[in-house]
Amino acid sequence: MTTEPDVDSLMKSTLSSWYEDGLADLALGGYFLVLGAVLLGQALTPPGSPLQLLWTTGIPLVLLLGWVAAGWIIKRLKSRLTYPRTGYINFERRQTGLSRGGRIIAVMVLAAVISAGTVILSGRLANLSLIFGLVGFGTFAYLWQRLGVRRYLAVAVWCLVVGVALVPLPVTIEQGCAAFYGLAGLGLGVA
């Protein structure tokens, strides 16, 4: 009697092997760093300066062309740095703990408690860093659950910590966005 392989586990293994080498994370981290630098340039340029035109046209260009460039770079690096048709292989055995639903619920409760505490303690939201932190946390926590790559949990927590840490600082929306994306990019590069 032969049993068919579990399609979900095969898909998860295939997707996980694509992200296991970290090249996509490095490209996304670089993308976030460039976006943070452009936003910081915009935030630090005085109003009415001719450089404002550069920053306002630079942000859409970074958002669109940067994503295309990051995809191109990832494809080139993967074709040169991994074995063709075999990819990157990690022989480390994955540990299982809480069920998927239990982990998702735990992550959601933790995010809700931290964000509610931050809003109550700060009494104001002067910048969008908490929202970016929660979105980053949710995105990377989902990737951690979906792909089984452990570093995504560290990146999720990092995004949440950065978002919470930037809330009480006396920064503008542009400065908060620049700081968040720059620090998130560094976190992706380190993880």
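Keep in mind that this is a model prediction, so the values were computed, not measured. (Residues numbered from 1 in each chain as written. Predicted model: local features only at pLDDT ≥ 70, side-chain atom pairs only at ≥ 80, totals over all residues. Heavy atoms only, no water.)

1. Points about the packing of aromatic side chains
Moving on, step 1. The full count for this structure, using the stated rule, is six aromatic pairs.
Moving on, step 2. These aromatic residues form a ring-pair network of at least three members: Y31, F32, F132, F180 and Y181.
Moving on, step 3. Over the ring of Y152 we find R151, and its NZ or CZ is 5.5 Å from the ring centre. (Phe/Tyr/Trp six-rings, centres within 6.5 Å; stacked < 30°, edge-to-face > 60°. Lys NZ or Arg CZ within 6 Å of the ring centre and 35° of its normal.)

2. Digging into the confidence of the model for the protein chain
Moving on, step 1. For the protein chain, the mean per-residue pLDDT works out to 76, and 68% of the residues sit at or above 70.
Moving on, step 2. Across the protein chain, helix α6 (residues 151–166) holds the top mean pLDDT of 90, while helix α1 (residues 7–20) sits lowest at 62. (pLDDT = per-residue confidence, 0-100. Helix = DSSP H or I, 4+ residues; strand = E, 2+ residues; numbered from the N terminus.)

3. Considering a nonpolar patch on the surface
Moving on, step 1. On the surface, L33, W158, L183 and L186 cluster together to form a nonpolar patch covering roughly 330 Å² of accessible area.
Moving on, step 2. Of note, L186 is situated in helix α7 (residues 173–190).
Moving on, step 3. On the basis of relative accessibility, which here comes to 46%, the residue L186 falls in the partly exposed class. (Patch = residues over 30% accessible without salt bridge, like charges linked within 9 Å, V, L, I, M, F, W, Y side chains within 5 Å. Areas by Shrake-Rupley, 256 points an atom, 1.4 Å probe, with all protein chains shown as cover. Salt bridge = Lys/Arg side-chain N within 4 Å of Asp/Glu carboxyl O. Buried < 20%, exposed > 50% of the residue type's maximum accessible area, 1.4 Å probe, protein only.)

4. Quick notes on α6
Moving on, step 1. The terminal C-alpha atoms of α6 lie 23 Å apart, and with 16 residues this matches the ideal 22 Å at 1.5 Å per residue to within 8%.
Moving on, step 2. Of all the residues in α6, the buried ones are R151, Y152, V155, A156, C159, L160, V162, G163 and L166. (Expected span 1.5 Å × (residues − 1).)

5. Some remarks on the environment of L26
Moving on, step 1. Along the polypeptide, L26 turns up in helix α2 (residues 23–44).
Moving on, step 2. As for L26 and A70, which are separated by 44 residues in sequence, their C-alpha atoms are 9.4 Å apart.

6. What to know about the side chain of T45
Moving on, step 1. In this fold, T45 is placed in the loop between α2 and α3 (51–81).
Moving on, step 2. Judged by relative accessible area, which is 10%, T45 ranks as buried.
Moving on, step 3. A distance of 2.5 Å separates a polar atom in the side chain of T45 from the backbone oxygen of G41.
Moving on, step 4. One polar contact links T45 to W55, side chain to side chain, over a distance of 2.7 Å.
Moving on, step 5. Excluding anything up to four places from it in sequence, T45 contacts L51, Q52 and W55. (Polar contact = N/O pair within 3.5 Å; in protein donor to acceptor, adjacent residues only side chain to side chain. Contact = heavy atoms within 4.5 Å.)

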